[in-house]
Amino acid sequence: MSQPLNKSAPSTPASKTKPARKRAKVSILSIAYPNACGIDIGATSHFVAVPSDRDDEPVREFPAFTADLERLVQWLRRCRVTAVAMESTGVYWIPLFEMLDAAGFEVHLVNARHVKNVPGRKSDVLDCQWLQQLMSYGLLRGGFRPAEEVCALRAVWRHRDMLLSYQARHVQHLQKAMTQMNVQLHHVISDIMGVTGQAIVRAIVAGERDAATLAKLRDRRIKADEAEVAAALQGNWRDEHLFALKQALALIDAYAAQITECDGKLQQLLGALKGHALPEAGLGTPKRGTPAKNSVRFDARTSLFEASGVDLTRIPGIDTSTALKVISEIGVDLARFPTVKHFTSWLGLCPGTKISGGKVLSSATKPCANRAAQALRMAAQALRKSQTALGAHHRRLCSRMDKPKAITASAHKLARLVYFMLTKGQAFVEAGQDEYEERYRQRVVQNLTRRAHQLGFLLTPQETSSA
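The text that follows walks through the structure, step by step, so that each part is easy to find.

Rules behind the numbers
Residues numbered from 1 in each chain as written. Predicted model: local features only at pLDDT ≥ 70, side-chain atom pairs only at ≥ 80, totals over all residues. Heavy atoms only, no water. Helix = DSSP H or I, 4+ residues; strand = E, 2+ residues; numbered from the N terminus. Rg over C-alpha atoms; globule rule 2.2 N^0.38 Å. Buried < 20%, exposed > 50% of the residue type's maximum accessible area, 1.4 Å probe, protein only. Contact = heavy atoms within 4.5 Å. Core = buried A, V, L, I, M, F, W, Y, C linked by side-chain atoms within 4.5 Å. Axes fitted to C-alpha atoms, helices over the stretch in contact; angles between N-to-C directions. Parallel < 35°, antiparallel > 145°, perpendicular 65-115°, else oblique. Left-handed = near helix turned anticlockwise from the far one by under 90°. Nonpolar A, V, L, I, M, F, W, Y, C, P; charged D, E, K, R; others polar. Pairing = 2+ DSSP bridges. Right-handed = clockwise from strand over helix to strand, strands pointing away. Salt bridge = Lys/Arg side-chain N within 4 Å of Asp/Glu carboxyl O. Patch = residues over 30% accessible without salt bridge, like charges linked within 9 Å, V, L, I, M, F, W, Y side chains within 5 Å. Areas by Shrake-Rupley, 256 points an atom, 1.4 Å probe, with all protein chains shown as cover. Phe/Tyr/Trp six-rings, centres within 6.5 Å; stacked < 30°, edge-to-face > 60°. Lys NZ or Arg CZ within 6 Å of the ring centre and 35° of its normal. Lys, Arg positive; Asp, Glu negative; His and termini not counted. Charge placed at Lys NZ, Arg CZ, Asp CG, Glu CD.

## What about the overall build of the chain?
Right, on to step 1. Of regular secondary structure, the chain possesses 15 helices and 7 strands.
Right, on to step 2. For 467 residues, the compact-globule estimate of 2.2 N^0.38 gives 23 Å, and the chain exceeds it by more than 25% at 31 Å.
Right, on to step 3. If one aligns the C-alpha atoms of the chain with their principal axes, the spans along those axes are about 105 × 90 × 60 Å.
Right, on to step 4. Residue burial in the chain is summarised as follows: out of 467 residues, 38% are buried.
Right, on to step 5. Relative to all contacts within the chain whose residues are 6 or more apart in sequence, the contacts with residues 24 or more apart total 65%.

Shown next as structure tokens:
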């Protein structure tokens, strides 16, 4: 039987009472951008909405032709618009964005996912009106877009990546033609487009069929001897396969010429970003003696230092190509990101915070197709055999979690290093694997000592007897 409440019971001691929760301040929406407009970008036309008191027809549709876009800019000026929020997919927004930015407007390219879940909107007209309203209250944030010089560098670098992918497809076509002729060259050399592979393939296209003669083109660094290479070069020389081989090699050479032209353009664009002088002592010797296979054919390390003021290639795992890709995506001025957490969140490398009812539902990173993050993940994979502090850290992560998560965590650490180097001008100092292992051991001992003290034990080191 339940007992009635004793109203005369002593009150709870003050030391056990829970402090009253502070009331959260309710923010009142205020107009942040009174001169804002919203634009819903389409492939053939754009819908634009301005404040209703600026024009008798506040919502208009403009075709996507250049003359109509210029008319759109003039109309926004007449309506005294200063801030523009646009929503788009694909690349349809780029021409209008560049025109508005050059005209002096504050342009925000907003994420379509942030405004798509509003009920009742079924047309492009309502979309642009909703964008204008949200932008006026400051509820939309624009995406990150670097400076114009960096955008030009990024466009050329992405174009170069595309050319490399197309060239790789024709390398596969070349190897397929040789396999159909039963020329098993790829079984005795590691790279069919290396020094030996190219010399042999070009000799075959030129008309040489003798296996012994072709085997003499073997480079001295090839592990397979001349007899093995000659045995692999005995094939069935059919005309249709030789024709396909010749076509594939011609296309590979054509793409190589275009890639070389891209390298010259990249060198020119990096020169436009030059703002720092080289140190008197120089940059020192590079970590890698010979350049990578698909790296640019100029001194990109020096150009990157002159543009950023730091040498990102000193970070283990980051080579010249990775540093060039990161700089082309994010630029050298990271003032848009107030803290390193903002930067890693934009990269999609920081843990998620999906919490409900005080319980962590998921801490996975958000899906993101950021090219700079992809480059940092590739750099993190290269830490697996690195005899450095970062390499030891990556291997320790791999020992206690699956490899994809360990790679993302290591890429997150690399991103933090890149941020601090670019924002503070700090040079990277390698601590060394042994120092990292010693610091890790000290942290483990400290945690064990604290845990033993909490349980009423004393942790004492064991004396090791010298043999």
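## Points about the environment of Leu-278
Right, on to step 1. Position of Leu-278 relative to the elements: it lies in the loop between α8 (239–272) and α9 (300–308).
Right, on to step 2. Remark: the alpha-carbon pair of Leu-278 and Gly-309, spanning 31 residues in sequence, is separated by 8.1 Å.
Right, on to step 3. Those residues in contact with Leu-278, other than ones at most four positions away along the chain, are Leu-283, Thr-302, Phe-305 and Glu-306.

## So, unusual backbone geometry
Right, on to step 1. Look at Arg-80: it is not a glycine, yet its phi comes out positive at around 60°.
Right, on to step 2. Position of Arg-80 among the secondary structure elements: in the loop between α1 (66–78) and β4 (83–87).
Right, on to step 3. The backbone phi angle of Asn-182 is positive, close to 60°, even though this residue is not glycine.
Right, on to step 4. Tracing the backbone shows Asn-182 in the loop between α4 (148–180) and α5 (195–206).

## Notes on the environment of Val-429
Right, on to step 1. Relative to the assigned elements, Val-429 resides in the loop between α14 (403–424) and α15 (433–454).
Right, on to step 2. Overall, the relative accessible area of 67% leaves Val-429 in the exposed class.
Right, on to step 3. For Val-429 and Leu-249, which are 180 residues apart along the polypeptide, the C-alpha to C-alpha distance reads 45 Å.

## Comments concerning the nonpolar core
Right, on to step 1. Counting 46 residues, the largest nonpolar core has Ile-315 and Leu-376 as its most contacted members.
Right, on to step 2. The element best represented in this core is α14, accounting for 8 residues.
Right, on to step 3. When neighbours within four sequence positions are excluded, Ile-315 is seen to be in contact with Lys-287, Leu-390, Leu-414, Leu-417, Val-418, Met-421 and Phe-428.

## A look at the packing of α1 against helix α2 (residues 94–102)
Right, on to step 1. Between α1 and α2, the least distance of the axes is 11 Å, while the angle of their chain directions is 40°. When the interaxial angle is binned, α1 and α2 end up oblique. Judged by the twist between their axes, the crossing of α1 over α2 is right-handed. Facing α1, whose interface residues are Thr-66, Leu-69, Glu-70, Leu-72, Val-73 and Leu-76, α2 presents Pro-95, Leu-96, Met-99 and Leu-100.
Right, on to step 2. Broken down by class, the residue content of the contact of α1 with α2 amounts to 8 nonpolar, 1 polar and 1 charged.

## Thoughts on the pairing of strand β5 (residues 106–110)
Right, on to step 1. With 4 of its 5 residues buried, β5 lies for the most part within the structure.
Right, on to step 2. Across 5 bridges, β4 lies against β5 in parallel orientation. Across the sheet, residue Ala-83 finds its bridge partner in β5, namely Glu-106.
Right, on to step 3. For the crossover from β4 across α2 to β5, the handedness is right-handed.

## Overview of the pattern of salt bridges
Right, on to step 1. For the coordinates displayed, the defined rule picks out 17 salt bridges.
Right, on to step 2. One salt bridge connects Asp-311 with Arg-314, and the closest N-O pair in it is separated by 3.6 Å.
Right, on to step 3. For Asp-311, a relative accessible area of 11% gives the class buried.
Right, on to step 4. Owing to a relative accessible area of 30%, Arg-314 belongs among the partly exposed residues under this scheme.
Right, on to step 5. Within the structure, one salt-bridge network assembled from shared partners comprises Asp-55, Glu-57 and Arg-60.

## Describing the sheet that holds strand β2 (residues 45–49)
Right, on to step 1. An order of β3-β2-β1-β4-β5 is seen for the 5 strands of this open sheet, with the pairing classed as mixed. One side of each edge strand has no neighbouring strand; the edge strands of this open sheet are β3 (59–63) and β5. Along the sheet, successive strands turn relative to each other by an average axial angle of 25°, direction set aside.
Right, on to step 2. Summarising the sheet, β2 and β3 pair through 5 bridges and their orientation is antiparallel. Paired with Ala-49 across the bridge in β3 is Val-59.
Right, on to step 3. Against the sheet, α1 contacts β1 (36–40), β2, β3 and β4, and its axis sits at roughly 155° relative to β3.

## A look at a nonpolar patch on the surface
Right, on to step 1. Taken together, the side chains of Leu-29, Ile-31, Tyr-137 and Leu-139 make up a nonpolar region of the molecular surface, amounting to roughly 380 Å² of accessible area.
Right, on to step 2. As for its position among the elements, Leu-139 is in the loop between α3 (124–136) and α4.

## Let's talk about the packing of α9 against helix α10 (residues 320–330)
Packed helix pairs are specified by the crossing angle of their axes together with the interaxial distance, meaning the distance between the axes.
Right, on to step 1. Running from N to C, α9 and α10 cross one another at 35°; their axes reach a closest spacing of 10 Å. The element α9 and its partner α10 pack so that their crossing is left-handed. Between α9 and α10, the contacting residues are Ala-300, Arg-301 and Leu-304 on the first element and Thr-320, Ala-323, Leu-324 and Ile-327 on the second.
Right, on to step 2. The residue makeup of the contact of α9 with α10, split by class, is 5 nonpolar, 1 polar and 1 charged.

## What about the packing of aromatic side chains?
Right, on to step 1. One pass over the full model with this rule turns up 10 aromatic pairs.
Right, on to step 2. An angle of 25° between the planes, with centres 6.5 Å apart, marks the rings of Phe-343 and Trp-346 as stacked. Taken together, the residues span about one helical turn, with Phe-343 and Trp-346 both in helix α11 (residues 340–347) at a distance of 3 residues.
Right, on to step 3. Judged by its relative accessible area of 1%, Phe-343 is buried.
Right, on to step 4. Residue Trp-346 is classed as partly exposed on the basis of its relative accessible area, which comes to 24%.
Right, on to step 5. An aromatic cluster of three or more residues is present, and its members are Phe-144, Phe-337, Phe-343, Trp-346, Tyr-419 and Phe-420.
Right, on to step 6. Its guanidinium or amino end placed over the ring of Trp-237, Arg-209 lies 5.5 Å from that ring's centre, counting from NZ or CZ.
Right, on to step 7. Sitting above the plane of the Tyr-440 ring, Arg-396 keeps its charged end 3.6 Å from the centroid.

## A word on a positive patch on the surface
Right, on to step 1. A contiguous patch of positive charge on the surface is contributed by Lys-341, Lys-413, Arg-416, Arg-439 and Arg-443.
Right, on to step 2. Of all the elements in the fold, those that place two or more residues in the positive patch are α14 and α15.

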